[in-house]
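# Per-entry structural report
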Amino acid sequence: MYAKPVVRRLTKEEALAARPLWSEIFYEDSERFTDYYFAEKMADNTGYGVECGGRLCAMLFLTPYTGCIASEGGTGGRFREIPLSYIVGVGTRRECRHRGYMDRLLRTALADLHAAGEPFTFLMPADPAIYTPYQFRYIYDRPDFTVCRRKEIPASVMETEEAAALADFAQRELEGRYQLFLRRDGAYYQRQQKESRAMDGDIYLWKEQGEIAGFYLYAKENGKEEIQEAVVRADFARRGTLEIAGAHPIIMARITNIGSMLSLMRLRADAPAETITVRLRLQDALLAAHNGTFLWTVGKKESTIAMLEATEDAEACAEVAGLTEFLFGRKDCRACFDGAADSGVYERLSQIAPYTRLFLNEIV
């Protein structure tokens, strides 16, 4: 027999006191990195725990970020800010595993994110098979960066006072290239430098005539070198400072509030219609509010949804995982929705602009 488990939010003090369990579960993390994480990030997190007999047996944390998303589906235009949470630190004490604790933590966190109106949540899975049953799907492939260290184009370590200038450069470059990324500011890069240094790395800047022309985040943990992120001005990149050879899937996501998520979508700029409507039936085994038939109206400037009566016929049906893959451009609408082809629903859905140009390299 074991004590009846209690699932609840952790206080800030309890989250900070979870370090021994963190070190036990994530034993591959260096002590230096764990020091950084609990000193710099844990206090901002929302923590959840499973407690048995007064002892923390399992945990999950949400790290808050501010997402910048293109307001009209394209790049180079206006961006709006949205709250997003990154799931991290999911783990169970070894002797308490296989009791469904992670399931309860995920369900609790997802319900809270739904209530908060956050459109989706994201994570970097240790094993995607863990999260696939919870309707998480890959949305982002990180480029495999290679930095060409050339004597005639030296890169220097970022000085603390350069963080604001780097944030301005990164924000400007990302807005011109991507549809979705996390907001950059000086504090972001000051913290990121501490994170890189905790992994025996640093932030390096390329400059031209005293102005930032590019940067990269270097880490070397457990003897493995990695360029975690790099952005270089287009004209400067042509000088052979950075190479990208392929990409690999790294970030999974799940819709947490259907209304908030679908309100972000827009029709393609070249779509023949100004507005389309689809009667969409959604299935979600974890969030009951997502189950039902919705009238989804999508235009080039606005998108809305309204729940319909249960008797209304749907033109297209999808599980939340399939909808996620469609909205982030991972699969064609025919692979994500069941619908009657002769109703023209696929033709309408294909006019929606997915969010395919993402930049999500955060690892904690």
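Our structure's up above, just so we're on the same page.
## Concerning the overall build of the protein chain
Counting secondary structure elements, the protein chain contains 12 helices and 20 strands. Compactness check: the protein chain gives a C-alpha radius of gyration of 22 Å against a globular reference of 21 Å for 364 residues, within 12% of the reference. Viewed in the frame of its principal axes, the protein chain has a C-alpha envelope of about 65 × 65 × 30 Å. Counting the 364 residues in the protein chain, one finds 51% classified as buried. A separation threshold of at least 6 residues defines the contact pool for the protein chain, and within that pool the share at least 24 residues apart is 71%. With an accessible surface of roughly 16,600 Å², the protein chain has 48% of that area assigned to carbon and sulfur atoms. Separation between the mean location of the 46 positive side-chain charges and that of the 53 negative ones in the protein chain comes to 1 Å.

## Some remarks on the nonpolar core
In terms of nonpolar packing, the biggest core is built from 89 residues, with Tyr189, Trp296, Phe337 and Leu349 touching the most fellow members. Looking at this core element by element, the count peaks at seven residues for strand S3 (residues 55-70). Residues contacting Phe337, with those up to four places away along its chain left out, are Leu280, Ala316, Cys317, Ala318, Leu323, Phe326, Tyr346 and Leu349.

## Remarks on the sheet that holds strand S16 (residues 303-307)
Ordered in space as S16-S15-S14-S17-S18, the five strands form an open sheet in which the pairing is mixed. If you trace the sheet from one side to the other, it starts and ends with S16 and strand S18 (338-339), each paired once. Pairing geometry for strand S17 (residues 316-319) and S18, over two bridges, is antiparallel. Across the sheet, residue Cys317 finds its bridge partner in S18, namely Asp338. In the packing of helix H10 (residues 320-327) onto the sheet, contacts are made with strand S14 (275-283), strand S15 (292-299) and S17, and the angle to S17 comes to roughly 100°.

## A look at the sheet that holds strand S9 (residues 202-208)
As summarised here, the arrangement of the four strands in space is S7-S9-S10-S11, forming an open sheet in which the pairing is antiparallel. Each edge of the sheet is formed by a strand with only one pairing partner; in this case those strands are strand S7 (155-157) and strand S11 (224-232). Strand after strand, the sheet turns through a mean of 30° between neighbouring axes, direction not considered. Across the sheet, helix H7 (residues 186-198) is in contact with S7, S9, strand S10 (211-221) and S11; its angle to S9 comes to roughly 125°.

## Re the packing of aromatic side chains
Going through the model one piece at a time under the given rule, you end up with 22 aromatic pairs. Ring centres 6.4 Å apart and planes at 45° place the aromatic pair Tyr65 and Phe122 in the tilted group. In this pair, Tyr65 is assigned in strand S3 and Phe122 in strand S5 (residues 120-123), connecting sequence segments 57 residues apart. In this structure, Tyr65 and Phe122 share a single accessibility class: buried. One aromatic cluster is present, built from ring pairs that chain together Trp22, Phe26, Tyr37, Phe38 and Phe61. Cation over ring: Arg357 sits above Tyr178, and NZ or CZ is 5.8 Å from the ring centre.

## Concerning the pattern of salt bridges
A complete count under the given rule lists 26 salt bridges for this structure. For Arg9, the salt bridge identified is with Asp112, shortest N-O distance 3.4 Å. Residue Arg9 is located in strand S1 (residues 6-10), and its partner Asp112 is located in helix H4 (residues 101-116); the two are separated by 103 residues in the primary sequence. Take Asp112: its relative accessible area is 26%, and that puts it in the partly exposed class. Residues Glu24 and Arg93 are paired through a salt bridge, measuring 3.1 Å at the closest nitrogen-oxygen approach. With Glu24 in helix H2 (residues 19-25) and Arg93 in the loop between strand S4 (79-92) and H4, the pair connects residues that are 69 residues apart, well separated along the chain. Each member of the salt-bridge network shares a partner with another, and the members are Arg8, Glu14 and Glu51.

Here is what the cut-offs are and how they apply
Residues numbered from 1 in each chain as written. Predicted model: local features only at pLDDT ≥ 70, side-chain atom pairs only at ≥ 80, totals over all residues. Heavy atoms only, no water. Helix = DSSP H or I, 4+ residues; strand = E, 2+ residues; numbered from the N terminus. Rg over C-alpha atoms; globule rule 2.2 N^0.38 Å. Buried < 20%, exposed > 50% of the residue type's maximum accessible area, 1.4 Å probe, protein only. Contact = heavy atoms within 4.5 Å. Areas by Shrake-Rupley, 256 points an atom, 1.4 Å probe, with all protein chains shown as cover. Lys, Arg positive; Asp, Glu negative; His and termini not counted. Charge placed at Lys NZ, Arg CZ, Asp CG, Glu CD. Core = buried A, V, L, I, M, F, W, Y, C linked by side-chain atoms within 4.5 Å. Pairing = 2+ DSSP bridges. Axes fitted to C-alpha atoms, helices over the stretch in contact; angles between N-to-C directions. Phe/Tyr/Trp six-rings, centres within 6.5 Å; stacked < 30°, edge-to-face > 60°. Lys NZ or Arg CZ within 6 Å of the ring centre and 35° of its normal. Salt bridge = Lys/Arg side-chain N within 4 Å of Asp/Glu carboxyl O.

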